[in-house]
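Structural overview
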There are 2 protein chains.
Amino acid sequence: MKKFLNPSSIAFMGASNNLTTMGTVQLINLIAGGFKGKIYPIHPREEYVLGIKAFKSITELLETPDLLVMVIPTNAVIENLILAGKKKIDRVVIISAGFSEVGNVELQNRLKMVAEEFGIKIIGPNCIGLINTAVSMNFTYFPYDTKPGWVGIASHSGTYICHVFPVLKRYGLGFSSAISLGNEVNTDMVDALEYLGEDERTRVILLYIEGIRRGREFLNTAKRVSMKKPVIALYSGGTESGARSAVSHTSAMVVSDEIMNAVFKQTGILRAESLEEMFEWSFALGTQPPMRGNRIGIISLAGGPATTMADVAQRCGLCVPEFSSELQKKIRNFLPHTASARNPVDITFSMNMDAFFEDIPKLLIESDEVDGIAIYYSFGVDFMKNIIQPVKDRISAPPENFFEEFASEMRKKFVNAVKNEKKPVVASCFVSRDFFDVAYYQDKGIPFYLRPESAVKALSAIYRYYSFKRRNQSEK
Amino acid sequence: MKKFLNPSSIAFMGASNNLTTMGTVQLINLIAGGFKGKIYPIHPREEYVLGIKAFKSITELLETPDLLVMVIPTNAVIENLILAGKKKIDRVVIISAGFSEVGNVELQNRLKMVAEEFGIKIIGPNCIGLINTAVSMNFTYFPYDTKPGWVGIASHSGTYICHVFPVLKRYGLGFSSAISLGNEVNTDMVDALEYLGEDERTRVILLYIEGIRRGREFLNTAKRVSMKKPVIALYSGGTESGARSAVSHTSAMVVSDEIMNAVFKQTGILRAESLEEMFEWSFALGTQPPMRGNRIGIISLAGGPATTMADVAQRCGLCVPEFSSELQKKIRNFLPHTASARNPVDITFSMNMDAFFEDIPKLLIESDEVDGIAIYYSFGVDFMKNIIQPVKDRISAPPENFFEEFASEMRKKFVNAVKNEKKPVVASCFVSRDFFDVAYYQDKGIPFYLRPESAVKALSAIYRYYSFKRRNQSEK
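Residues numbered from 1 in each chain as written. Chains lettered and ligands numbered in written order. Predicted model: local features only at pLDDT ≥ 70, side-chain atom pairs only at ≥ 80, totals over all residues.

1. What to know about the pairing of strand 13 (residues 231–235) of chain B
Residues and elements named next belong to chain B. Within strand 13, 5 of the 5 residues are buried, leaving the element largely enclosed by the surrounding structure. Residues Val231, Ala233 and Tyr235 line one face of strand 13 and the alternating positions Ile232 and Leu234 line the opposite face, and both faces are buried. Relative to strand 13, strand 12 (residues 204–209) is paired through 5 bridges, and the arrangement is parallel. Pairing of leucine 207 across the sheet is with alanine 233, part of strand 13. Each parallel crossover has a hand, and for strand 12 linked through helix 8 (residues 215–228) to strand 13 it is right-handed. Relative to strand 14 (residues 270–271), strand 13 is paired through 2 bridges, and the arrangement is parallel. Looking at the pairing, alanine 233 lines up with arginine 271 of strand 14. (Buried ≥ 20, exposed ≤ 12 C-beta atoms within 10 Å, placed from the backbone. Helix = DSSP H or I, 4+ residues; strand = E, 2+ residues; numbered from the N terminus. Pairing = 2+ DSSP bridges. Right-handed = clockwise from strand over helix to strand, strands pointing away.)

2. Comments concerning the relation of the copies chain A and chain B
Here chain A sits on chain B after a turn of 180° about the axis and a move of 0.0 Å along it, with an RMSD of 0.0 Å. Expressed as an axis order, the relation between the two copies is that of a two-fold axis. Most of the interface of chain A is mirrored in chain B, where 100% of its interface residues again form contacts. (Least-squares fit on C-alpha atoms with pLDDT ≥ 70 in both. Contact = placed C-beta atoms within 7 Å.)

3. Looking at the sheet that holds strand 10 (residues 151–155) of chain A
Residues and elements named next belong to chain A. Here we have 7 strands laid out as an open sheet, ordered 9-8-11-10-12-13-14, and mixed in their pairing. This sheet does not close on itself; its edge strands, each paired only once, are strand 9 (137–138) and strand 14 (270–271). Sheet topology note: the strand 10/strand 11 (residues 175–180) ladder contains 4 bridges and is parallel. Residue alanine 154 lies in a different strand from strand 11, and its bridge partner there is isoleucine 179. Strands in contact with helix 7 (residues 189–198) are strand 10, strand 11 and strand 12 (204–209); relative to strand 12, the strand with the most contacts, it is inclined by about 170°. (Axes fitted to C-alpha atoms, helices over the stretch in contact; angles between N-to-C directions.)

4. Observations regarding the sheet that holds strand 13 of chain B
Here 7 strands make up an open sheet; going across it, the order is 9-8-11-10-12-13-14 (chain B) and the pairing mixed. The sheet is open, and its two edges are formed by strand 9 (137–138) and strand 14 of chain B, each paired on a single side.

5. Quick word on the packing of helix 14 (residues 353–366) of chain A against helix 16 (residues 402–418) of chain A
All names here are of chain A. Where helix 14 meets helix 16, the closest approach of the two axes is 8 Å, and the angle between their N-to-C directions is 10°. Compared by their axis directions, helix 14 and helix 16 come out roughly parallel. In this structure, helix 14 uses Met353, Asp354, Phe357, Glu358, Pro361 and Lys362 to contact helix 16, whose residues at the interface are Met410, Lys413, Phe414, Ala417 and Val418. For the contact of helix 14 with helix 16, the class distribution of residues is 7 nonpolar, no polar and 4 charged. (Parallel < 35°, antiparallel > 145°, perpendicular 65-115°, else oblique. Nonpolar A, V, L, I, M, F, W, Y, C, P; charged D, E, K, R; others polar.)

6. A look at the domain arrangement of chain A
Here chain A is partitioned into domain 1 (1–127), domain 2 (145–287) and domain 3 (290–471). Centre-to-centre, using C-alpha coordinates, domain 1 of chain A lies 50 Å away from domain 3 of chain A. (Domains from an automatic or database assignment.)

7. Quick word on the interface of chain A and chain B
Residue-level contacts link 76 residues of chain A with 77 residues of chain B. Top contributing element to the side of chain A that touches chain B by residue count: helix 12 (residues 303–315) of chain A, with 11 residues. Of the residues belonging to the side of chain A that touches chain B, the class tally is 35 nonpolar, 29 polar and 12 charged.

8. Examining unusual backbone geometry
All names here are of chain A. Along the chain, glycine 124 connects to proline 125 via a cis peptide bond; the corresponding omega equals -5°. With respect to the secondary-structure elements, proline 125 resides in the loop between strand 7 (121–123) and strand 8 (130–132). Omega for the peptide link from asparagine 343 to proline 344 comes to 0°, which places this bond in the cis form. Looking at where proline 344 falls in the secondary structure, it is placed in the loop between helix 13 (325–332) and strand 16 (345–346). In this structure, lysine 88 takes a positive phi of about 65° despite not being glycine. Note that lysine 88 resides in the loop between helix 3 (77–86) and strand 6 (91–94).

9. Some words on the pairing of strand 2 (residues 38–42) of chain B
All names here are of chain B. Counting buried residues in strand 2 gives 4 out of 5 residues, a clear majority hidden from the surface. Both strand 1 (residues 9–13) and strand 2 contribute to a ladder of 5 bridges, which runs parallel. Looking across to strand 2, one finds that serine 9 is bridged to lysine 38. In this view, the connection linking strand 1 to its parallel neighbour strand 2 by way of helix 2 (residues 22–32) has right-handed handedness.

10. Overview of helix 14 of chain A
Residues and elements named next belong to chain A. Under the 1.5 Å per step criterion, the end-to-end length of helix 14 is 20 Å for 14 residues, consistent within 8% with the ideal 20 Å. Along its length, helix 14 shows its largest kink, about 40°, at aspartate 359, and proline proline 361 lies within four residues downstream of that point. Along helix 14, the positions that sit buried rather than exposed are Ala355, Phe356, Phe357, Ile360, Pro361, Leu363 and Leu364. At its buried positions, helix 14 is contacted by strand 15 (296–300), helix 13, strand 16, strand 17 (372–376), helix 16 and strand 18 (425–428). (Expected span 1.5 Å × (residues − 1). Bend = angle between axes of the 7 residues up to and from the residue.)

Next up, the structure:
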């Protein structure tokens, strides 16, 4: 798998100089993404493909490339795989579809036999390609237009490694590596998981699973990898409808929800309910320290989100303890009389901005009454600048740049308060990264979510992961 | 309630010419929002407040305003309520907090008695204000910066009617009216629900509930209103932690989840799991025709989302039937051989764009094999323009504006195909409104979601709502 993701040269079949094929788009993305290795297009007629010297066939390549990518008609795959074998190519990504997933089991079996004969490892067929941001390699169907990062993904869906760039961007995250597995003819989820577990750039592993082909191996590998780093999965094959779709999609080996849940429980894999939830959890797990117990403190600039977060916390296995009277007293020092200090701490309307941005977060981080903190953030401070705009000549407003400077100061205090090694802190507000504060915090590694519920569920994911780890360590 | 939301004049206490009070910000929003009625600021010292002639006290008002808003210190509320009573004011919104929610039950009881003595209806105390976009009225803490719309909301949280403007914007939605209820001293969720039920501009009603004070009346009103239009609720008081927070927040009368679920079931109220889900469902329920059964067809440009949608559909009470061989044959006419026509219809990579944008949606809308349709959309067509940019001089690309024109044509075909009176159609892609297609479709009333799972859950909400309605009609 390492060679698949770190090739120093790629031969590419199925791209041309016009846009009628998928392969052309994929090769464009590889070139435009700035791939650091060599590229050898293979085309029967064109002398140059996308400006790069092309070779007429695999046979005519001047050197054996580390990787061959095929985006060619189904019925041309096997003959070319044989040529690849003769050329001593041992890593082939087959994007081409039309095998088991549409019932062509025999064709896929022949593919497997040819691969075996020549000792070729295949990713695919029926996949979308690979991403490794360390070497600027992306030959999926979409340009990788966000930053490199530390989220690793292995997926039975190609879509979920390349349509999701906007999801990554929403959280300021990036992929380390992304692997689309397709029909898994002789390389599968187990290999991908193994690789991502060892990849130093990957902090959290996401799996989109439609079925598992090697149950025992998956179990063992997942259990081992989970102890090193968090693994989050979305499994869509557990219902009858999901299963039928999965079979048509990647000829998946589906199992029931019950079995899969047992596998996840035993291996410490966290099961997410949606694709976006995987990314949400990865943000918290990849940036925050371990969580020792399930007690959370909630700090909110508003009562509704405070109540919702408290409610959701209990529903997902967390606890929102009422603070001791000592702690409540300390908190109340910073609050107006209408605020609540019981937990949730509901700041309500207060002129003491330091309370929210610094004092109370610090107090809870230092307290031994909670193990993690969820914050509802609202809109920062500089929204006031916009509010007063329409009446600015009728009001004794502070100087022009007051709010911006104040907001900047508060942001720094907030980062300084919540970035810590002791307890996870997550936050939310209803505005996305187009609100400056959100981008600022996310880029500093503070998980900011669009929904208060998501923040709490991410904390719960942290808690469950470290509970698994502790339980498993003590068993040893 | 009608008078509260349609005042021709508002007296406003607690705003001044500097920014140290909440009231000032709220009055700014009322003025800057272009409120169509008269505004009378009341201030003991200022001659003008925010450029408007002020009155020294309630007593000195020259006419009796339809509505009085108070954002004043807790201990000044009752004396001013008496003055209001003497001035024959019968509608007062009390933003001021510090009553039952912090344990001052006695003070709130006195407030209630004074109101009773003078026949005054109060919204609050401890609320954030009201919005009625028909008269450009918004005196919450944030400027209403999105368009007027048809979503009505009544909320025990002020935050959930004014911090949520970005959520509305994310879907191109707008409020008709929004009511923050606070401690509900003598006007409550039942009154708000009754009003929104009768309000012609409101197509869907959202309720954020922390507790119900008048159970019997709520039950009867909700059942009646539900038959006229969909009601969606988020209830956060059903767990111990949620309940404690709700009591501190709005001195709520919490009940267990079991009881509330029974109430929701009997009244046809749809229970959402998060605030954003309420808005997501409202989009589908407010724009789409009824759904006759639970069979859905799934059309997807990619296999992963197809499988996930099929799986989620079954989990939320929908069914994804395998199409008849006749229908599959018709669908296959439009598809490449690698695609699946069984349901989900997975288009995969196809050069026949009409299939996705027009032919297959039309086929399923006309078919009697499904009752609703969920679509995963991907990125439209003009993203190709960006992809080829880096290699545009090395490729035989179509003319400059080809993709834009093609995309525009496809968008029109898509709208023409999916806008229909027969079956609900919902869609999703991972990109938000900053992608032109999404804004375009949303503004034409086609629900577009950020998550494939959300699209399916919205269909399920439609199905459940019309099932309730049918069941209830047949009982009569």
